[in-house]
Amino acid sequence: MNTRYVIITGATGGLGQAVAQHLAAQDWSLILLSRNAEKLDRIKAPKGTLRIVTDVSKPGGTSEAIEKCRAKFQRFPVALVNCAGSVLLSPMHRMDEQQYQDTIHANLDTAFNSLKEFVSACIQARVQGSAVLISSVAAQIGMANHEAISAVKAAIEGLTRSAAANYAQHGIRINAVAPGLMRTPATEQFFLSPSAVRKINMQYPLGRHGKTEDVAQAIGWLLSTEANWVTGQVISVDGGYSALRTLSRSA
Ligand SMILES: NC(=O)c1ccc[n+]([C@@H]2O[C@H](COP(=O)([O-])OP(=O)(O)OC[C@H]3O[C@@H](n4cnc5c(N)ncnc54)[C@H](OP(=O)(O)O)[C@@H]3O)[C@@H](O)[C@H]2O)c1
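First, a word on scope: everything that follows refers to the structure included in this document. Predicted model, so just to flag it, every value in this text is computed and none were measured.

In this section: the environment of Asp 238. With respect to the helices and strands, the residue Asp 238 is situated in the segment after β7 (234-237). Residues Asp 238 and Arg 208, spaced 30 residues apart in sequence, show a C-alpha to C-alpha distance of 9.6 Å. Discounting residues that sit within four places of it in the chain, Asp 238 has contacts with Val 137, Ala 178, Pro 179, Gly 180 and Tyr 204. At 2.6 Å, the side chain of Asp 238 and the side chain of Ser 242 are in polar contact.

All told, the structure shown has 5 salt bridges when counted by the stated rule. Between Lys 58 and Asp 55 there is a salt bridge, with its nearest N and O atoms 3.2 Å apart. Accessibility expressed as a relative area gives 47% for Lys 58, which makes it partly exposed. Judged by relative accessible area, which is 25%, Asp 55 ranks as partly exposed. Glu 64 is the salt-bridge partner of Lys 68, the closest N and O atoms lying 3.3 Å from each other. Taken together, the positions of Lys 68 and Glu 64, both in helix α3 (residues 61-73) and 4 residues apart, correspond to about one turn of that helix. A relative accessible area of 40% means that Lys 68 is categorised as partly exposed. In this structure Glu 64 comes out as partly exposed when scored by relative accessible area, which is 33%.

Take the packing of aromatic side chains next. Inspection of every chain in the model, using the stated rule, returns 2 aromatic pairs. Where Tyr 5 meets Phe 73, the ring centres are 4.7 Å apart and the plane angle is 20°; that geometry is what we call stacked. Note that Tyr 5 is positioned in strand β1 (residues 4-9) and Phe 73 in helix α3, a separation of 68 residues in sequence. There is no split in this pair, since Tyr 5 and Phe 73 are both buried. Measuring from ring centre to ring centre gives 4.9 Å for Tyr 204 and Tyr 241, while their planes differ by 40°; the resulting arrangement is tilted. Here Tyr 241 lies in the segment after β7 and Tyr 204 lies in the loop between α6 (194-202) and α7 (212-223), a separation of 37 residues in the sequence. The pair formed by Tyr 204 and Tyr 241 is uniform in burial state, with each residue classed as buried. The ring of Trp 28 carries Arg 4 above its face, with NZ or CZ at 4.0 Å from the centroid.

For Met 182, the location among the structural elements is in the loop between β6 (173-179) and α6. Residues contacting Met 182, with those up to four places away along its chain left out, are Leu 15, Thr 187, Phe 191, Gly 210, Lys 211, Thr 212 and Val 215.

Further remarks concern the site of the ligand. In the neighbourhood of the ligand, 30 residues make up the surrounding shell, with Thr 12, Ser 34, Ser 86, Met 182 and Thr 184 lying closest. In the environment of the ligand, an oxygen atom lies 2.7 Å from a nitrogen or oxygen atom belonging to the backbone of Ser 86. Measuring from an oxygen atom of the ligand, one finds a side-chain N or O atom of Lys 153 at 2.9 Å. With 3 residues, the single largest contributor to the shell around the ligand is helix α4 (residues 97-125).

Below, the discussion takes up the packing of helix α1 (residues 14-25) against α7. Relative orientation of the contacting elements α1 and α7 amounts to 55°, with a least axis distance of 8 Å. Relative to α7, the element α1 is oriented oblique. The handedness of the crossing between α1 and α7 comes out as right-handed. Here α1 contributes Gly 14, Leu 15, Ala 18, Val 19, His 22 and Leu 23 to the contact with α7, which in turn contributes Thr 212, Glu 213, Val 215, Ala 216, Gln 217, Ile 219, Gly 220 and Leu 223.

Rules and cut-offs
- Residues numbered from 1 in each chain as written.
- Predicted model: local features only at pLDDT ≥ 70, side-chain atom pairs only at ≥ 80, totals over all residues.
- Heavy atoms only, no water.
- Helix = DSSP H or I, 4+ residues; strand = E, 2+ residues; numbered from the N terminus.
- Contact = heavy atoms within 4.5 Å.
- Polar contact = N/O pair within 3.5 Å; in protein donor to acceptor, adjacent residues only side chain to side chain.
- Salt bridge = Lys/Arg side-chain N within 4 Å of Asp/Glu carboxyl O.
- Buried < 20%, exposed > 50% of the residue type's maximum accessible area, 1.4 Å probe, protein only.
- Phe/Tyr/Trp six-rings, centres within 6.5 Å; stacked < 30°, edge-to-face > 60°.
- Lys NZ or Arg CZ within 6 Å of the ring centre and 35° of its normal.
- Near = heavy atom within 4 Å.
- Axes fitted to C-alpha atoms, helices over the stretch in contact; angles between N-to-C directions.
- Parallel < 35°, antiparallel > 145°, perpendicular 65-115°, else oblique.
- Left-handed = near helix turned anticlockwise from the far one by under 90°.

Listed below in structure tokens is the structure:
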């Protein structure tokens, strides 16, 4: 079987690690990216995984990983998942400039730069690659205290559709997933007590918050050949949160 390499950014994060595990189980070979060498070394991953310390929010960060893959394996990565990002909940009147800029860098700059460098390399190498970006349930519906993250995730959905339109002619597929709340290092602060967890779960029509595996499986499908006629889509993986109003549970 041909070895398929996938680049996963934000690989030390909650979602990044779940995506790495799921894709490894689907016989993908992993190229894990992080800004932090120590955290990256601690990630459990199959033998042969390439770990690269780089900052994908900056121009050149992803190209560097692509070049290292080519130099080491004489192979070109055919997939990209941009799991780098952040979760900031705050009303905008309480946010400072740094928090706003950090939200843009972590989410939008990583998505734009990594996708730009991935599609450029795909075109040059005549590879029909596939990329998945990460949006959020907060991009599509108005959620209090989500102004900054909602704005950047809506931008990522626009980026997904426009880039998908542009690069379909090269056979490159670009999609996004929009998760509801998952328990990860970025959101642990919301799960501090059993009553907080109960309240979160009650907001979801399917009765629970998200697991990173739920989202990793959707990403795995989008990258697979089963989805080879799917591009420009944003797939909600949110337990029904964005689409459904169920009967009140307490009635
Ligand atoms: N958790 C949720 O409930 C939820 C819901 C909807 C959407 N999402 C989205 O899912 C994605 C993953 O979130 P997560 O919960 O897994 O978060 P996480 O555990 O904090 O992981 C995010 C990773 O992104 C990398 N990162 C952060 N800022 C960066 C920057 N400026 N430049 C480059 N890399 C940066 C970090 O890796 P290094 O420090 O190792 O570089 C970090 O490990 C994010 O896009 C988030 O917005 C999460």
